[in-house]
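The primary structure of each chain is shown beneath.
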Amino acid sequence: MKWNLSFTAVLLSGLLLAGCTSTNPGSSSTPSSAPSSSSHLSSQSESSKQDAIPFSDGQSYAVAHLGYQQIEDLDYYVQQYLDSEDIPVHYLSSGDYYLVIPRYSGMELSLYKNDLETSERTLFYHDPDCEPFIIQCNVSDIFSDATIQLTYQGDTVEFSPFISLKNGSLEIGEHGLNLTRTGSGSQSGN
C-alpha cells in the first residue's frame, strides 16, 4: 500500500510539472517530433539514463562513433544512456557520425566548422544549454572539419572527433569518454 501511495504521488507530481512547460509562440510541433507522455514523465524524474555513463574525474563529455555515412547502433545508445530518442543531428560534411553526450546539465555548446583550405573555423551552431546530439563530419581522413567546444562553470574544453589512421581508434581528446561499442558490445576507453 505504501508503494502505491508513493507511486501515485510521484505520478501526480509529474503530471502537474508537465503542465508547467512553456513553448515558443511561433514554434509548431509535429506528432513525430513531440515527446510521448511516458518519455516526458521519465525526463521529469530525478534519475536519468545519462547517470549510467561511467565518467571519470576530468571527463566532460562522452562520444560514440555511430558509423560512416550512416548511423548504426543508435538504438543501443538510446536504450543505455539517453532519455529520449529525439536527438538533433548537425551535418557539417558527408563523413562519420558521432554521438556526443555532455556530462553536465547546463553545458554551453559552440560547434565550429573548420575550413579545409584555410584552417579557419566558423561558428556553425551555438546552444547555451547543450543536450546530447549527433554530428556528421570529417569528409577527409586527414583533416577534422569540426571543433566541438563545451563550457561549464567557466571551464572550456574542445575537441575534434576523428578516427585514427594509425590504428582505427576513436580520438576524442583528453576530457572525453569513448562509449563506442566494440564487436562484443563492450566499451572501449580513451
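Computed from a prediction, not measured in an experiment: that's the story for all the values here. Position labels on residues start from 1 in each chain and follow its written sequence. Local features in a predicted model are, by the rule used here, given only for residues with pLDDT of at least 70; side-chain atom pairs are given and counted only at 80 or more, and totals for whole chains, interfaces and linings are based on all residues. Only heavy atoms go into the side-chain values, all of them from the structure, while hydrogens and water stay out.

Colleague: Explanation requested: helix 3 (residues 74–81) in the structure shown.
Modeller: Note on helix geometry: an α-helix contains 3.6 residues per turn, so any two residues three or four positions apart are oriented the same way. Burial status follows relative accessibility: with a 1.4 Å probe on protein chains alone, a residue under 20% of its type maximum counts as buried, one over 50% as exposed, and anything between as partly exposed. The numbering of helices and of strands both runs from the N terminus, where a helix is a DSSP run of H or I of at least 4 residues and a strand a run of E of at least 2. Regarding helix 3, the residues found buried are Tyr76, Tyr77, Val78 and Tyr81. Those residues of helix 3 hidden inside the fold are in contact with strand 1 (61–68) and strand 3 (96–102). Throughout, a contact is declared for two residues whenever any of their heavy atoms are within 4.5 Å.

Colleague: Whenever I open this one, the sheet that holds strand 3 confuses me. Can you help?
Modeller: The strands that make up a sheet are held in pairs by hydrogen bonds between backbone atoms, and each pair lies either parallel or antiparallel. Taken together, the five strands give an open sheet; going across it, the order is 2-6-3-1-11, and neighbouring strands pair in mixed fashion. Each end of this open sheet is capped by a strand with a single partner; those strands are strand 2 (89–91) and strand 11 (176–178). Shown here is a sheet whose adjacent strand axes are inclined to one another by a mean of 30°, direction ignored. Pairing between strands requires that DSSP locate at least two bridges from one strand to the other. Pairing of strand 1 with strand 11 involves three bridges; the strand directions are parallel. From the neighbouring strand, valine 63 faces strand 11, where its bridge partner is asparagine 178. Against the sheet, helix 3 contacts strand 1, strand 3 and strand 6 (133–137), and its axis sits at roughly 160° relative to strand 1. To get an axis, fit a line to the C-alpha atoms, keeping to the stretch in contact for a helix; angles then go from 0 to 180 degrees between the N-to-C directions.

Without other data, these values stay purely geometric and don't point to any function.
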